[in-house]
Amino acid sequence: AGAFAGREHQLPVRVYYEDTDFTGLTYHASYVRFFERGRTDGLRVIGVGHADLLSTPDPCAFAVTRLTIEFLRSSRIDDALLVRTQFRAVRGPRLLIGQRITRGEAAIATAEVEAACIRPGGGVRRPPAGLAGRLAPWLLEPYSS
């Protein structure tokens, strides 16, 4: 879902009735879901599926440890939005991600995300070599272990 334009993954999303509050504006928590879809589909296009990460001999997962959102403009039911995701860096166990949601050229919301690579039972760990290798071409900063 979605595609890369350079090192930016772009995922089109539509605002549905279920995404809005009683005023018809997009509910703030809906942006969290849109950002999650952008990160997940960006990883999937790279070849990193969440279910695949758990089914390897050296399983891992990602957990969001920090999420900062700035809401810039409102959006409404039926708006066509674009979730733009950039995988900025891998630093030890952390994956740093920048995201923004736009409607045409107008920025609607931006997010700074930090996700930690974890073991399925909990506990932080470095990404396995294969995962780091798949991410490396898409990172804005060189990989640092």
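How each quantity is defined
- Residues numbered from 1 in each chain as written.
- Predicted model: local features only at pLDDT ≥ 70, side-chain atom pairs only at ≥ 80, totals over all residues.
- Heavy atoms only, no water.
- Helix = DSSP H or I, 4+ residues; strand = E, 2+ residues; numbered from the N terminus.
- Rg over C-alpha atoms; globule rule 2.2 N^0.38 Å.
- Buried < 20%, exposed > 50% of the residue type's maximum accessible area, 1.4 Å probe, protein only.
- Contact = heavy atoms within 4.5 Å.
- Areas by Shrake-Rupley, 256 points an atom, 1.4 Å probe, with all protein chains shown as cover.
- Expected span 1.5 Å × (residues − 1).
- Phe/Tyr/Trp six-rings, centres within 6.5 Å; stacked < 30°, edge-to-face > 60°.
- Pairing = 2+ DSSP bridges.
- Axes fitted to C-alpha atoms, helices over the stretch in contact; angles between N-to-C directions.

K.L.:
Would you mind going over the overall build of the protein chain in detail, with residue names and values included?
P.N.:
A count of helices and strands for the protein chain gives 3 helices and 6 strands. Moving toward the C terminus, one meets the helices and strands of the protein chain in the order β-β-α-α-β-β-β-β-α. A compact globule built from 145 residues would reach a C-alpha radius of gyration of about 15 Å, and the protein chain, at 16 Å, matches this within 12%. Along the first, second and third principal axes, the C-alpha set of the protein chain runs to 50 × 30 × 25 Å. When each of the 145 residues of the protein chain is scored for burial, the buried share is 41%. Taking as baseline every contact in the protein chain between residues at least 6 positions apart, the subset at least 24 positions apart corresponds to 66%. In the structure as shown, the protein chain presents an accessible area of about 7600 Å², 54% of it carried by carbon and sulfur atoms.

K.L.:
How would you sum up helix H1 (residues 28-46)? Please name residues and give values.
P.N.:
Given a rise of 1.5 Å per residue, 19 residues ought to cover 27 Å, and the 28 Å separating the end C-alpha atoms of H1 matches this to within 8%. Every buried residue belonging to H1 is among Ser 30, Tyr 31, Phe 34, Phe 35, Gly 38, Arg 39, Thr 40, Asp 41, Gly 42, Leu 43 and Ile 46, and all of these are buried. Trailing H1 by a residue or two, Gly 47 shows a phi angle of about 105°, which is positive.

K.L.:
Residues and numbers for the packing of aromatic side chains, please.
P.N.:
The geometry of two aromatic rings is summed up by the distance between their centres and the angle between their planes. Within this structure, the stated rule accounts for 3 aromatic pairs. The rings of Tyr 31, Phe 34 and Phe 71 are connected pair by pair, giving a single aromatic cluster.

K.L.:
Report on the sheet that holds strand E5 (residues 94-103), specifying residues and quantitative values.
P.N.:
In space, the 6 strands of this open sheet follow the order E1-E2-E4-E5-E6-E3, with antiparallel pairing throughout. Whereas interior strands pair on both sides, the edge strands pair on one side only; in this sheet they are strand E1 (3-5) and strand E3 (61-71). Recorded for the sheet is a direction-independent mean angle of 30° between the axes of neighbouring strands. The pairing of E5 with strand E6 (residues 106-118) spans 10 bridges and is classified as antiparallel. If you follow Arg 94 over to E6, its bridge partner there is Ala 116. Packing of H1 onto the sheet brings it into contact with E1, strand E2 (8-14), E3, strand E4 (80-91), E5 and E6, and relative to E4 it is tilted by some 60°.

Fair warning: the whole summary comes from geometry, so function is off the table for now.
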